[in-house]
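Each chain, letter by letter, is given below.
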Amino acid sequence: MSSELPVHQENPDHREGMDSTIDSGVFQRLVHDSARKQTSGKASYVDDMPEPYGLLHIYVAMSEVAHADLVRLDLAAVRKAAGVASVLAAADVPGDNDFGHAHCGDDRVFAEGKVEFAGQALFCVAADSIESAHDAAKLAVVDYAERPAVITIDDAMRAGSFLGEPLRLTKGNADRALAAAPHRLQGSITTGAQEHFYLEPQVSMAIPGEDGDVHIYCATQDTTAVQHLVARVLGKSANRVTVEVRRMGGGFGGKETAPTQFAAIAALVATKTGRPAKICLDRDADMLMTGKRHEFRFDYDVGFDGQGRLAGGDFKVAARCGYSLDQSIPVLQRGIYHLDNAYFLGDVTITGYPCKTNTCSSGAFRGFGSPQPTVAIERVMDEIALYLGLEPLAVRKANIYDSSDRNVTHYDWKIEDNILPRILEELEASSDYRRRRQAVKDFNGENPWIKKGIALMPLKYGVGFTARFLNQAGALIHVYQDGSVHLNHGGTEMGQGLFVKVAQIVAEELQVDITRIKISSTTTEKVPNTSPTAASTGTDLNGAAAQIAARTIKGRLMDFAAEHYNVSKEYINFHGGLVTIGNRDITFEELVGEAYLGLVSLSATGFYKNPSIKVDPVTLKGRPYHYNAYGGAVVEVAIDTLTGESKVLRIDILHDAGRSLNPAIDMGQLEGGFLQGIGWLTCEELYWDDAGRLKTHAPSTYKIPACSDRPADMRMQLVDWSENHEDVVFRSKAIGEPPFNLAVSTFNAITDAVASVADYRLCPRLDTPATPERILMAVEEIRDRLSGLER
Amino acid sequence: MSAEPAPRRGCGEGDCGACTVVIGELAGDDVRYKSVNACIQFLATLDGKQLLTVEDISAAGETLHPAQEALAVKNGTQCGFCTPGFVMSLFALKNNLETPDRAQIDDALAGNLCRCTGYGTIVDAARSQHEFAGSMPVEERQSEIAAGLRDINDGVPLTLEAGGQLFHAPTDSDQLAEILLRHPDAILLAGGTDIGLWVTKLHRRLETLVYLGNVAELTSVRVHRDRIDVGAGVTLEELRALVAPHYPDFGEVLRRFGSLQIRNLATLGGNVANGSPIGDSSPLLIALGARLTLRRSGRRRPLPLEEFFIDYGVQNREPGEFIEMISIPIGDSVGLFRAYKLSKRFDQDISTLCGAFNLTLEKGLVKAVRIAFGGMAAVPKRAHAVESALLGRPWNADSVRAGMAAMTEDYAPIDDMRGSALYRSKAAGNLLLKFYNETNGGKYPTRLVGNGGLARVI
């Protein structure tokens, strides 16, 4: 049993009126189930596992060029090198040389005939040590016949290089709305890519079994996909492959599809050699090979009235997808859906272009195509405000979804639980926004070199897998004869606290203390056909499945107790580790023991599905999400107009997690997601040279936020009066991704500070990430533009 | 086979801090604890020291160490992969500062990256760890550990040979000079914060290493009326304390230099000898007029620092020669001194450019001026043309404009992932303007962080 779980409980208001007495159920602040194991070094990750006898270490050799025909790949010398056990390339793959996920793409395990990005896997070497493998790989003879490479979005748009037909969503008549609007603006903005920078690099260890089966320990958010796709690569059936993960050292979407390739390579080596095999990428290889957040470019043409209220717009949305599809189409689709952020857009035409470039394949990353359009529409709000000379918050309020007829999204989903107006009202007051905005303006009027900016933004975030079939989950619960509980489900733990939340749900249902519940590794052997732990749905889906399983067992125990004690079920009550049966109390374990003797099954699966999501694949209209989470943030920044440096001074957040299952865990997601968003918008810059080689592939050159980037003044609150209006487990709401998008307020504040240089008369031309260089250039450009106006 | 110990490999270059361990060293009668990056440390450099990992700081079967307990209870872990590194940084922090403020916490943790938490909960743990009781076997056995370290520090030079690779660790300067005469091609290893990467990133085999860390003379410091003579082996963290009282900006640039883990190992001599165009100490030292003392065998030669840098990767150092000392002017010979580091992230980043200014005015005219930049040329380089444009002229906006215009004569910077040539040129000019704004009696804030920075931490 896990003996180290509960610490630091408090009973938030949500527990009022609940009759349980356990202090480790839902709505309570429990620390992460692995916290003490993590701080004492006892929490094990795949690379920490004891190495089995005869383990082979795998090095993957990468393409050095972005686009070429692979004229020659001579591995003879590599095979003969000391310590080498196996060298594998495309021709050695017995099944499909493709790890592309369902409804996604064509991702080669090893390059075949051509290379399409610098960093693409050419072959692997398995040897007694990683050093031997690395040294041997250098002996390969690789000849490329280089072809012209498409690197940037602009290159792709010019060349018509796409991975599919453009996506198009229309509502009403955008042309007519634009023509009739009293005011009209055009502009464009680019949002930069982002590396996940999970601290644990991609890692898989494959253990060969009997009959050519293989068991893979893999840091993955999607055990089922790894299982099925590795089976396809091996040319075996899925029941021959088992995939297991206890925990990951961070995922953020980066371990949704990418791990499949490395699991496949480890499994290939293990099944070919009959020896266990491990692949653990070093940081540079990880950053060079695996996907990132899509860079987007938005071109907009919007019409609006004198209050800044949008009448409609035409939006062109281009996403840099890299060399293959991966999840680019669903990402681009979300990029189209989230163009509203929290605003009623009016009549729109939105066209999405999936740009094919000779760069690594962009993929899932926290927010999944929603942060980029949030930046774009927030820019539109600021540009309208600056154009009309209005307060930016007034323009945002004029456009926000409300309870009038402006409550239907551009994809025709009616918003029925809009709590944004109240959140904004509360946040505006609690952050003292109005006074502070005046103080910022006063400061800027007095100070020539340092300028401040402040911004308040709302957020609406759609939760759920738009791919309908993914909205299902399974769980497996065993209760043993001593009353201890084994909990398993299809969700994976990457640090987000899913396991403790699901355990809280089971503790609540069974009314046993959480220390009685053993949290266990995710494995395809226990719960099959799982969905990726992604789209913020981990708790919504797996928590619900575990709840169903717990209720099944509890129901059987009730039935047994009613019969055994001859007491009507309405007089049986589980509470605080006890079961009251009529006028007697017995312990949970006593009842379990009796039930076992009474031939009762104490093991149950739980299956949950949510069929509510459905969209038309052509028009993109429908209901792409289960529900919305809401929030708001106020950020105040300062910039140095001589150097372009920026610093966040204060952050106020009010965020809606419904009835938070664990406020301590949810606050961790809120703060962590927000800071990760700040990184994306400010200091994190991925830089490809003209030849398409990524030059920022290590933390020495790629800078995620450090401790001092978290402002000392950060005031975060969860909305304490919200509950999910959909039937989500205990009326909670997802928290994984939405806070990331709230960080866009940081960029808005920087925009505000730059605009102050031109006395708030012009809109800055500033893309993300707002590095010192981009800010300085935007300051100089806006100053030049202003003096041009004044001449 | 045993499981891997907890220090984790996150980057192999001393930037992420997941591998942070703590080294215990004798300091007088006490043991001094400092955090370092394990991934780029050569094992043999640990001779005579105590090595602590997350497994060592609490006793088995007991409650956890306060650093471990605080981090757990304050929700300072999410994925947990970085956690052992944070624990060790917190352990070192606790042993050096009982109640650190936020700025000290930021500095202690700048070399530990966390991608999950956003750091707030970790800062809470750092603030509150002294309030936690817990198992502290290391702290409780201090005198025993000190005695043990005294026993193994016998002053005997260490020589190791393995598979044809040689490792020498002389203990005095004469031995060092002698070894280098015998092995003129040897690699001089000080903190290893760059050389370690030759192994982990470039996969190089290093034939002969001569470790400088045990050479007593190289760690000496002498403060004179007009200069500080700093042994080449003085670490950047030690240097920070030495120079900050004289030059607050030097202290601030060093605060932002690498991370505490790096500064605990990296030496001033190493940063200079490396010759990197983006090493931050050199432009500051050139602007101050620092001089090197180079030694080969028994011969010593002084050299103005700016003459040490010949071209990218080429320094004015003969085979068998080593930097013994760096003399940093203080007192009347130095005028108004300011230094500015520009990077994408304030803490633990490599400079896009770094500028240093040393100005002496007489009756409102520029009597003397030394300006140097890193990140603007193939070597750290003085801005002679800018200096000429300023010399003898009144310290006013017109002169500064002339100085900014002269910048193109001194520098033709490059485009790279840290910044474009255009940005470097504009920002370098603007730094001169900033220097002027800070030295002409203006009252407006000019900085975001550091000395006089707007964003003071609470």
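Not measured: the values here are computed from a predicted model. (Residues numbered from 1 in each chain as written. Chains lettered and ligands numbered in written order. Predicted model: local features only at pLDDT ≥ 70, side-chain atom pairs only at ≥ 80, totals over all residues. Heavy atoms only, no water.)

Along the backbone of chain A there are 20 helices and 29 strands. Taking the principal axes of its C-alpha atoms as reference, chain A extends roughly 90 × 75 × 45 Å. Scored against the burial criterion, the 791 residues of chain A give a buried share of 69%. Within chain A, residue pairs in contact and separated by at least 24 positions form 80% of the contacts whose partners lie at least 6 positions apart. (Helix = DSSP H or I, 4+ residues; strand = E, 2+ residues; numbered from the N terminus. Buried < 20%, exposed > 50% of the residue type's maximum accessible area, 1.4 Å probe, protein only. Contact = heavy atoms within 4.5 Å.)

Let's shift gears to the sheet that holds strand E3 (residues 50–52) of chain B. Sheet strands pair by backbone hydrogen bonding; their relative direction is either parallel or antiparallel. Residue and element names in this part refer to chain B. Taken in spatial order, the 3 strands of this open sheet run E2-E1-E3, and their pairing is antiparallel. Strands with a single pairing partner mark the edges of an open sheet, and in this sheet they are strand E2 (30–37) and E3. Averaged over all pairs of adjacent strands, the angle between strand axes in this sheet comes to 30 degrees, irrespective of strand direction. Here strand E1 (residues 20–27) runs beside E3; their pairing, made up of 3 bridges, is antiparallel. Each residue of the ladder has a partner; that of valine 22, found in E3, is leucine 52. Sheet strands touched by helix H6 (residues 142–152): E1, E2 and E3. Its angle to E2, the strand with the most contacts, is close to 80 degrees. (Pairing = 2+ DSSP bridges. Axes fitted to C-alpha atoms, helices over the stretch in contact; angles between N-to-C directions.)

Let us now look at the confidence of the model for chain B. Caution applies to low-pLDDT regions: their predicted coordinates should not be interpreted in detail. With 97% of its residues at a pLDDT of 70 or more, chain B shows a mean pLDDT of 95. Quick note on the complex model: pTM equals 0.97, ipTM equals 0.97. (pLDDT = per-residue confidence, 0-100.)

Taken together, the contact pairs 88 residues of chain A with 82 residues of chain B. Buried area between chain A and chain B, both sides added, is near 7000 Å², and the carbon and sulfur share of it is 60%. Taken together, the connections running from chain A to chain B amount to 8 salt bridges. Between arginine 115 of chain B and glutamate 684 of chain A there is a salt bridge, with the nearest N and O atoms lying 2.6 Å from each other. (Buried area = accessible area lost by both parts, 1.4 Å probe. Salt bridge = Lys/Arg side-chain N within 4 Å of Asp/Glu carboxyl O.)

Turning next to helix H7 (residues 258–273) of chain A. Spacing of three or four residues puts side chains on the same side of an α-helix, whose turn is 3.6 residues. Under the 1.5 Å per step criterion, the end-to-end length of H7 of chain A is 24 Å for 16 residues, consistent within 8% with the ideal 22 Å. Across the 16 residues that make up H7 of chain A, a large majority, 13, are buried. (Expected span 1.5 Å × (residues − 1).)

What follows is about helix H10 (residues 248–255) of chain B. Across the 8 residues of H10 of chain B, 7 count as buried, placing the element largely inside the fold. Here H10 of chain B has its buried residues at Asp249, Phe250, Gly251, Glu252, Val253, Leu254 and Arg255 of chain B.

To continue, consider the sheet that holds strand E14 (residues 310–322) of chain A. Residue and element names in this part refer to chain A. Strand order in this open sheet of 5 strands is E7-E15-E14-E13-E8, and the pairing throughout is mixed. One side of each edge strand has no neighbouring strand; the edge strands of this open sheet are strand E7 (167–171) and strand E8 (183–191). This sheet shows a mean twist of 10 degrees between the axes of neighbouring strands, independent of strand direction. Across 9 bridges, the pairing between E8 and strand E13 (residues 296–304) is antiparallel. Among the inter-strand pairings, histidine 183 is bridged to a residue of E13, identified as phenylalanine 304. Sitting on the sheet, helix H10 (residues 371–388) touches E8, E13 and E14, and the angle it makes with E8 is about 140 degrees.

The next subject is the pairing of strand E11 (residues 241–245) of chain A. All names here are of chain A. For E11, a buried count of 5 out of 5 residues is recorded, marking the element as mostly surrounded by other parts of the structure. The side-chain alternation of E11 yields two buried faces, one formed by Val241, Val243 and Val245 and the other by Thr242 and Glu244. By the bridge criterion, 4 bridges tie strand E10 (residues 214–218) to E11 in an arrangement that is parallel. Pairing of histidine 215 across the sheet is with threonine 242, part of E11. Handedness of the crossover is the feature at issue here: the chain leaves E10, passes through helix H6 (residues 223–234), returns alongside E11, and the resulting connection is right-handed. (Right-handed = clockwise from strand over helix to strand, strands pointing away.)

Residues and elements named next belong to chain A. Counting residues in each nonpolar core, the largest one holds 97 residues, and the members touching the most others are Ile58, Phe110, Ile216 and Val230. Tallying contributions element by element places H7 first for this core, with 9 residues. Contacts of valine 230, omitting those with residues within four sequence positions, involve Ile216, Ala225, Val241, Thr260, Ala263, Ala264 and Ala267. If you look at the next biggest cluster of nonpolar residues, it comprises 92 residues, including Phe296, Val317, Val380 and Tyr625. (Core = buried A, V, L, I, M, F, W, Y, C linked by side-chain atoms within 4.5 Å.)

Attention now goes to the packing of aromatic side chains. Here a ring pair, both rings aromatic, is described through the centre-centre distance and the interplanar angle of the planes. Applying the stated criterion across every chain yields a total of 24 aromatic pairs over all chains. Each member of the aromatic cluster is reached from another via a ring pair, and the members are Tyr340, Phe357, Phe373, Trp395, Tyr411, Phe435 and Tyr436 of chain B. Above the face of the phenylalanine 197 of chain A ring, arginine 283 of chain A is positioned so that its terminal group lies 4.2 Å from the ring centre. A cation over a ring is seen here: arginine 8 of chain B above phenylalanine 81 of chain B, with NZ or CZ 5.3 Å from the ring centre. (Phe/Tyr/Trp six-rings, centres within 6.5 Å; stacked < 30°, edge-to-face > 60°. Lys NZ or Arg CZ within 6 Å of the ring centre and 35° of its normal.)

Now for the pattern of salt bridges. Residue and element names in this part refer to chain B. One pass over the structure, following the stated rule, counts 87 salt bridges over all chains. Glutamate 438 is paired through a salt bridge with arginine 338; the nearest N and O atoms lie 3.4 Å apart. Of the two residues, glutamate 438 is situated in helix H16 (residues 421–439) and arginine 338 in strand E15 (residues 336–342); the sequence distance between them amounts to 100 residues. One salt bridge in this structure joins arginine 401 and aspartate 398, with 2.7 Å as the shortest N-O distance.

Using the criterion set out here, one finds 0 disulfides over all chains in the structure. Note on cysteine 11 of chain B: no disulfide assigned, nearest cysteine sulfur contributed by cysteine 16 of chain B at a separation of 3.8 Å. (Disulfide = S-S within 2.5 Å.)

Residues and elements named next belong to chain A. Taken across its 14 residues, strand E16 (residues 450–463) has 14 buried, putting it largely inside the fold. The alternating pattern of E16 places Ile450, Lys452, Ile454, Leu456, Pro458, Lys460 and Gly462 and Lys451, Gly453, Ala455, Met457, Leu459, Tyr461 and Val463 on opposite faces, both of which are buried. In the sheet, E16 pairs with strand E27 (residues 627–640) via 14 bridges, with the strands oriented antiparallel. Within the sheet, the bridge partner assigned to lysine 460 lies in E27 and is tyrosine 630.

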